[in-house]
Structure formats: structure tokens, C-alpha cells
Amino acid sequence: MKEINCDVLVVGAGPAGSVTAWYAAKSGANVLLVEKRQEIGSPVRCGEGLSKYWLKDVGIPENRRWIANEVDGARIFSPSGKVWEINEKDAGNEVGYVIERDQFDKALAELAAKAGAEIMLKTWVRGIIKKDGYVRGAIARHMGEDLKINAKIVVGADGYESQVGRWAGLDTSLSPNDIDSCIQYRMTGIECDRRYCDFYLGSCAPGGYIWVFPKNEDTANVGIGVQLSKLKYPGEVKQYLDRWIEKQPGIRKGKKIDMVAGAVSISKPLEKTVDNGLMLVGDAARMIDPITGGGVSNGCKAAKVCGEVAGEAIAAGDYSAAFLQKYEKGWRALLEEKQYRNWLAKEKLVTLSDKVFDDIIDLLSGTKLERLNALNLLKAVREKFPDLVKEFEDFL
Ligand SMILES: Cc1cc2nc3c(=O)[nH]c(=O)nc-3n(C[C@H](O)[C@H](O)[C@H](O)COP(=O)(O)OP(=O)(O)OC[C@H]3O[C@@H](n4cnc5c(N)ncnc54)[C@H](O)[C@@H]3O)c2cc1C
């Protein structure tokens, strides 16, 4: 079997993998980024809604090539049609730009390549190599041949369906309550307001929501996420979306030009994301925001830390779980508290009736929140519906 060697093997060239490879290469490590697909970023499985404020922190240069539309904010619609408008800064990690995800992912891979990372496409990792309690590389299939990749550190950035963590013995399992099953159409010839990303709550999408993210004045990504435990059979999520579209005159007149299906985790943070010679990042580490289902920004923020720590570990010659704790602590400092809070809030939100959603949106549309986050939301709801947030008292 052909063998190759590297310091850091990154499995998966999604946003989290490319940013990890970029920062690890920048710090001098010899990095190999492998992707099972033949084209980075394609096919797109994303609503393409992205906030902007974090891009600078990660050092990602904004580029017109991957920005399709810039929005002013979000509109949250209650089941009876009440609207709560939120400005872009406060609206969470899916509101700011509507992007071209295929171009965005390629731009991040280019940053990794320019920093010196090697990239191999059509390279499907099928198992990891473990020796003396350390992950030491992976076995991959490349152009019909098996390939042994020896690495000092392996980073699992292999997305929602991640296997790298499981192979290494980390618990990345999800319960049906912590998964949203999604389906989305790109629709053209519709009526949409390109200034807003729209979200529709309530029984139209049990345990999740419907989104309309405008790419331009007459084309948008129209999608739905439904909590897996609320689905009676696999095709039901599509029926929910189709039924909703049928009731929207401005949307049902449009044509579908693309369709994607997928899933997102809406879970609390994992207990453990590192082991000897191993780190997990992005969707593979279940870093998605449990309220919005958005994972690109969280994945990239953690990936910067992951790449930097990988580089430091290579320089120090120490690939132990004890050394890699620096990553575990680093990403948790950035994301954990909010992810846990939003998971708790999600647990409550999925139990609410249409009537309560109507009352809450009604209340919030007249409330000026200092800063929009799960905590301030729960506090605002407590003013009028103390019973609803009883179990969060400790938190508030
Ligand atoms: C329908 C839908 C809509 C969404 N909308 C939004 C949104 O609007 N905004 C947002 O922020 N997030 C959204 N998300 C979530 C977002 O897409 C993910 O959080 C994001 O892609 C995570 O990035 P990642 O790099 O961790 O994983 P991914 O982007 O999934 O990348 C993982 C990569 O690893 C590769 N790979 C997997 N296994 C292997 C292997 N064994 N060997 C080699 N390569 C492998 C895959 O091919 C893939 O390229 C949505 C998700 C879905 C399903």
C-alpha cells in the first residue's frame, strides 16, 4: 500500500477543516487536508445564511465572490403572522450575508493552500491508525487505491456524519431530540424581500423552523428543519415544507432549481473533543448552535484554535491529549456557554404551542432587548409568562 507522511492530517475540507489546515500550516506544520468529494464546497448543503461580525476574528477576508446578498436583519414570523424584526447585529449566526457556500468553502481552502497545506481530493478516509494509545494516521481510498497516511495529529473535520471521532472512541452520538432533519429548495421567480432573512415558527415546522434566505430580489433558499423525534416517517419533512409553500402565494408561483436534504445537530456541547493524537472540530464536534442550526461560524471560530494548537503541538513534539487540552479549553471558552444555554432554550422552545409562539412574538415585537441572546429572551418572556420559564430560574 502506498504510504505518505505529514504532521497534521485534516479529514474533510468543509469550512472547519480548511480553517484548521490554514492555521496549522501558518504555524509551520506540514499539513495534509483530504476531501472525499471531487470538488470542495459542492454540492452545497446549506441555507447559506451567515453572520458577519466573527469573520474578522478568524481573519477571513470578505470577498464579493462568495457574498450573494447582504441583509439588514431578520424577520421572525409567528404562526398567525405576527412579525418580530431584529437588526442584523442581534439576529444570530445565520443573519448578515447570504453566501455562495461553494465559493466560500473554496476560498477557505485557498487560504489553507496558500499557507502551505497540501490538498487531496477524492480521498475518502475509511479508518484511523492507532498505536500505543495514540491516533497515528488514517487509511484512505484515493482514485481506486488504498493509501496509508501517517500523521502525528489527526483532525476530524468530517461534518455531521463524522466517523473519525467514533473510530477513535469518542462519544459523538446524538439522540433524535438533538437532530433536525432538513430539506431545502433554491426557488426562483418568487416574491421575497432581499433585506431580510425570514424565519417561520410553530407547527409549520415542529421543533424547528422554516427559513427563506434571499439570494437576490426573486431567488431564495426556502428550507425547513424539523426535530427528528417529531417525524413519523422519513418523507414527512418534505411534506411539511411543500404544504407551507402551497399556502404562500408569493412563493408557490416560483420554480425549484435545486434541492438538498441533510441534518444538523441541535445538541449540547460534547463532553470530550480531544484524545491522544486527535482533535474534532465543526459539525464533527457537534458545535452547531442548537437554536438556529447554523454551524459555519462556530466551526470556523473553533477551527482557528484547533489549527493553532495543532501547530504548537507539532513544534513542541507533544501530541498527547494533555497537550491538546489547550484546544478543548480554547473552543469551550469561545462557544460552550452559549451553546449550552441555547440548547436549554431549544428544549423549551420545542414544547411551545402555536398560541404561545403568537403571544411571545407579540410580546417581543414591542420589547427593546439590549442584546439578543437566549438569556435576554428568556428574561423578556419571564415578564409576561413566568410559568413558561420556571425551570430556567437558576439560570436567570
Ligand atoms: C439544509 C441545511 C441548511 C443549513 N443552513 C445553514 C446556514 O444557513 N448557516 C449556517 O451557518 N449553517 C447552516 N447549516 C449547517 C452548516 O452547513 C454546517 O454547520 C457546516 O457545513 C459545518 O462545517 P464543517 O466544516 O464542520 O462540516 P462540513 O461542511 O459538513 O464539511 C465536512 C467535509 O468532510 C468531508 N468528509 C466527510 N467524511 C469524510 C471522509 N471520511 N473522508 C474525507 N472527507 C470526508 C465531506 O465531504 C465535507 O466536505 C445547514 C445545514 C443543513 C444540512
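Here's what I pulled together on the structure shown here.

Some points on the pattern of salt bridges
1) Next: Under the definition given, this model contains 27 salt bridges.
2) Next: The salt bridge partner of Glu3 is Lys148, with a shortest N-O separation of 4.0 Å. Of this pair, Glu3 sits in strand E1 (residues 2-11) while Lys148 is found in strand E11 (residues 145-156), placing the two residues 145 residues apart along the sequence.
3) Next: With a relative accessible area of 46%, Glu3 lands in the partly exposed category.
4) Next: Residue class for Lys148 comes out partly exposed when judged on its relative accessible area of 27%.
5) Next: Here Arg64 makes a salt bridge to Glu70, at a shortest N to O gap of 3.6 Å.

Looking at the site of the ligand
1) Next: Around the ligand there are 35 residues in total, and Ala16, Glu35, Gly47, Gly49 and Asp283 lie nearest to it.
2) Next: Gly49 places a main-chain nitrogen or oxygen 2.8 Å from a nitrogen atom of the ligand.
3) Next: Within the side chain of Asp283, an N or O atom sits 2.7 Å from an oxygen atom of the ligand.
4) Next: Computed on the free molecule, the ligand has an accessible area of 990 Å², of which 93% lies beneath the protein chains in the complex.
5) Next: Among the elements of the structure, helix H1 (15-26), strand E9 (123-131), strand E14 (209-214) and strand E16 (255-265) are those that each provide at least two residues to the shell around the ligand.
6) Next: Taken together, the residues that form the shell around the ligand break down as 15 nonpolar, eleven polar and nine charged.

Comments concerning helix H3 (residues 101-114)
1) Next: Taking 1.5 Å per residue as the helical rise, H3 with its 14 residues ought to reach 20 Å, and the 20 Å between its terminal C-alpha atoms agrees with that figure.
2) Next: Within the sequence span of H3, burial applies to Arg101, Phe104, Asp105, Lys106, Ala107, Leu108, Ala109 and Ala112.
3) Next: Lining the buried residues of H3 we find H1, strand E3 (49-50), helix H2 (55-58), strand E7 (97-99), strand E8 (118-120) and helix H7 (296-316).
4) Next: Gly116 sits one or two residues past H3 and shows a positive phi near 115°.

Considerations on the packing of aromatic side chains
1) Next: Counted according to the given criterion, the structure contains ten aromatic pairs.
2) Next: Their ring planes at 50° and their centres at 4.6 Å tell us that Trp22 and Tyr23 sit as a pair that is tilted.
3) Next: Overall, Trp22 belongs to the buried group, its relative accessible area being 7%.
4) Next: Three or more aromatic residues joined by ring pairs form one cluster here, namely Phe199, Tyr209, Trp211 and Phe213.

A few points about empty space enclosed by the protein
1) Next: Scanning the entire structure with this criterion turns up one cavity of 30 Å³ or more.
2) Next: By volume, the largest cavity amounts to about 40 Å³.
3) Next: Lining the largest cavity we find Val44, Cys46, Gln184, Tyr185, Arg186, Asp258 and Val260.
4) Next: Where the lining of the largest cavity is concerned, the elements lending two or more residues are strand E12 (179-188) and E16.
5) Next: Sorting elements by how many residues they give to the lining of the largest cavity places E12 first, with three residues.

How each quantity is defined
Residues numbered from 1 in each chain as written. Predicted model: local features only at pLDDT ≥ 70, side-chain atom pairs only at ≥ 80, totals over all residues. Heavy atoms only, no water. Salt bridge = Lys/Arg side-chain N within 4 Å of Asp/Glu carboxyl O. Helix = DSSP H or I, 4+ residues; strand = E, 2+ residues; numbered from the N terminus. Buried < 20%, exposed > 50% of the residue type's maximum accessible area, 1.4 Å probe, protein only. Near = heavy atom within 4 Å. Polar contact = N/O pair within 3.5 Å; in protein donor to acceptor, adjacent residues only side chain to side chain. Areas by Shrake-Rupley, 256 points an atom, 1.4 Å probe, with all protein chains shown as cover. Nonpolar A, V, L, I, M, F, W, Y, C, P; charged D, E, K, R; others polar. Expected span 1.5 Å × (residues − 1). Contact = heavy atoms within 4.5 Å. Phe/Tyr/Trp six-rings, centres within 6.5 Å; stacked < 30°, edge-to-face > 60°. 1 Å grid on protein atoms, 1.4 Å probe; cavity = no way out; pocket = protein on both sides within 12 Å on 5 of 7 lines; lining within 4 Å. Points joined across faces, edges and corners; volume = space filled by probe spheres on them.

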